[in-house]
Amino acid sequence: MCPNVTQCYTLLVKYLYFSNLSSELHLAHFVATREAGNVSFSVGDDPKKVLINRENIAKDFGVSLDAFTVAGLVHGNHVVKVSAKTRGRGSTSPQTVIPETDAMITNTPDILLMVPVADCVPILFFDPIKKAIGIAHAGWRGTLKEIAKATVNKLHQEFNCNASDIKVGIGPAICVRHYEVDEAVLPGARGNFDLVAANKIQLLDTGVKPQNIEIMPYCTFERTDLFYSHRAEKSTGRFATGIILL
């Protein structure tokens, strides 16, 4: 899906960044596009190619591949604190991911928290006061289980972060006009579900300031020239989102 030649050129863009996070020292983050390749071992791709894609991302950001720490996504609301002991879980093998986890937090430098996505909402967190970071993966199940709120609460519990200090980046996800759901998702309702808006509301409810939330204006379903989209493509890869304290 590439509407015109001009939009096709966006494939040359390998990474996108949030302006509210880019201004922070000792912090790096990214939202990778299709140009960076598939980073998931779980979609039938050649594992060697997946590993090369991950190695290239690590090289681009000047970190080692063993800094990558990957969650074993289950569309829940479990948040894990990552330490030096669990650094690198899932970096080179799907068997070693942090199991049954959809969000991770840390205050330890040189740990790159990464989640692979293809329509679900990737959310990055940074507290510049307490120097703590987090990442969450929010599909409809995780959104209904309030994964965004759980991540903010875990940052407070583990590192005494104040929600009002936390900066948040909400990455590309499927937009409301392409995300139709039925009563299995929202009991008593049928129609379209706005994943991004629902997660923003959760963040505001925790006390995150509106001006500290930045949302990337891309729909993964509409922009398969830039991103992978499970709903649009059925069988497809996953693009990486990541954050690290330097």
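Note that the structure is a prediction, hence the values are computed from the model and not measured.

Procedures and definitions
Throughout, residues of each chain are indexed from 1 in the direction in which the sequence is written. The model is predicted, so local features are restricted to residues of pLDDT at least 70 and side-chain atom pairs to those at 80 or more, both for listing and for counting; the totals for chains, interfaces and linings are taken over all residues. Water and hydrogen atoms were dropped before computing side-chain values, which therefore reflect all heavy atoms in the structure. What makes a nonpolar core is a set of buried Ala, Val, Leu, Ile, Met, Phe, Trp, Tyr and Cys residues whose side-chain atoms join them at distances within 4.5 Å. Note on exposure labels: buried denotes an accessible area under 20% of the residue type's maximum, exposed denotes more than 50%, and partly exposed covers the range between, all computed with a 1.4 Å probe on protein chains only. Only runs of H or I of at least four residues qualify as helices and only runs of E of at least two qualify as strands under DSSP, and these elements are numbered from the N terminus. Only heavy atoms enter the contact rule, under which two residues are in contact if any of them lie within 4.5 Å. Paired strands, as defined in this entry, are two strands with at least two bridges between them according to DSSP. Lines are fitted to the C-alpha atoms to define the axes, a helix being fitted only along its stretch in contact, and any angle between axes, read from their N-to-C directions, falls within 0 to 180 degrees.

A. How the structure looks around the nonpolar core. Counting residues in each nonpolar core, the largest one holds 30 residues, and the members touching the most others are V121, I123, F125, L155, V168, I170 and L203. In terms of residues, this core owes the most to one element, helix α5 (residues 147-159), which gives 5 residues. The residues touching L155, leaving out its near neighbours within four places in the chain, are I105, F125, A132, I133, N160, C161 and I166. Formed by 26 residues, the second largest nonpolar core is a distinct cluster that contains L27, L113, F126 and L226.

B. Up close: the sheet that holds strand β8 (residues 132-138). The strand order β4-β5-β8-β7-β9-β12 describes an open sheet built from 6 strands, whose pairing is mixed. Of all strands in the sheet, those bounded by a partner on one side alone are β4 (79-81) and β12 (213-215). On average, each strand axis in the sheet is inclined to that of its neighbour by 15°, with strand direction left out of account. In this structure, β4 lies alongside strand β5 (residues 103-106), joined through 3 bridges in parallel fashion. Looking at the pairing, V79 lines up with A103 of β5. The strands touched by α5 within the sheet are β4, β5, β7 (121-127) and β8, with β5 carrying the most contacts at an inclination of about 25°.

C. The sheet that holds strand β13 (residues 239-245), seen in detail. In space, the 5 strands of this open sheet follow the order β1-β2-β13-β6-β3, with mixed pairing throughout. What marks the edges here is a single partner per strand, and that holds for β1 (15-16) and β3 (68-70). Where β1 and strand β2 (residues 27-32) come together, 2 bridges link them in antiparallel fashion. Across the sheet, the residue bridging to L16 is V31, located in β2.

D. Representation of the pairing of strand β6 (residues 112-117) within the structure. Among the 6 residues in β6, 6 count as buried, and that is most of the element. The side-chain alternation of β6 yields two buried faces, one formed by L112, M114 and P116 and the other by L113, V115 and V117. As judged from the 3 bridges shared by β3 and β6, these two strands associate in the parallel manner. Bridge pairing in β6 links T69 to L113.

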